Each structure stands twice: as structure tokens, then as C-alpha cells.
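A structural walkthrough
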Amino acid sequence: MNGRTVLERFPAGGPRGSWPAEEFAQERRLEGLPAEVVMDLATDTFLVIVRSGEAAIDAVA
């Protein structure tokens, strides 16, 4: 187990000026989740994650 829950995945090639992963993470933070965006270089995607132990949630991705 890597100690994180992936909430959503976003392709890295989004439209210019668009930050959908950051926007999604901000919405989760406003809901009280400590969401953060990380890059998965192997798949060229941005992942919105919550690290284990930071929130007791049932996330549906």
C-alpha cells in the first residue's frame, strides 16, 4: 500500500489556461479534505490524492 487514495485523474495535456486537477483539488479542500495534486510521470496524468491517515473518508473515484 502506498499510503494514498486517488480521488481523480486528469490528463496532463489540458487546454491552455485550464488547471482542472488544481480546481478539483481546491473544491475538495473547501469540503475539508486535504487534497493535493501530484504528477504520475509513467502515465502523464495529474492525480488528485489524499494521503492515508489525513482524513477518514470513503472516496469514490
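Below is a short write-up of the structure. (Residues numbered from 1 in each chain as written. Predicted model: local features only at pLDDT ≥ 70, side-chain atom pairs only at ≥ 80, totals over all residues. Heavy atoms only, no water.)

What to know about the pairing of strand β3 (residues 45-51)
Note the threshold: Between buried and exposed lies partly exposed: a residue is buried under 20% and exposed over 50% of the maximum accessible area for its type, with that area taken using a 1.4 Å probe on protein chains only. For the purposes of this entry, the term helix denotes a DSSP run of H or I that reaches at least four residues, the term strand denotes a run of E that reaches at least two, and both are numbered from the N terminus. Strand pairing is defined by DSSP finding a minimum of two bridges between the two strands.
Most of β3 sits inside the fold, with 5 of its 7 residues counted as buried. Of the strand pairs in this sheet, strand β1 (residues 4-11) and β3 are connected by 7 bridges, and their pairing is antiparallel. Looking across to β3, one finds that R9 is bridged to L47. Two strands pair when backbone bridges link them, and strand β2 (residues 36-40) and β3 are joined in this way by 5 bridges, in the antiparallel orientation. Within β3, the residue paired with E36 across the bridge is I49. Counting the residues between successive antiparallel strands, the hairpin from β2 to β3 contains 4 residues, one of them, D44, with a positive phi of roughly 55°.

Focus on helix α1 (residues 20-30)
Three- or four-residue spacings in an α-helix give side chains the same orientation, since the helix completes a turn every 3.6 residues. As a reminder of what qualifies: The directions considered for the arc run from the helix axis to the C-beta atoms. We call two residues contacting when some pair of their heavy atoms lies within 4.5 Å.
For α1, the full list of buried residues reads A21, F24, A25 and R28. Down the axis, α1 shows its buried residues gathered within 100° of arc, on one side only. Contact partners of the buried residues in α1: β1, β2 and β3. Immediately beyond the C-terminal end of α1, within one or two residues, lies G32, with a positive phi of roughly 100°.

Brief notes about the environment of R28
In this structure, R28 sits in helix α1. Look at R28 and you get buried, because its relative accessible area is 14%. It is 9.3 Å that separates the C-alpha atoms of R28 and V48, two residues lying 20 residues apart in sequence. Sequence-distant contacts of R28, defined by excluding residues within four places in its chain, comprise L7, L33 and A35.

By themselves these figures say nothing about function.
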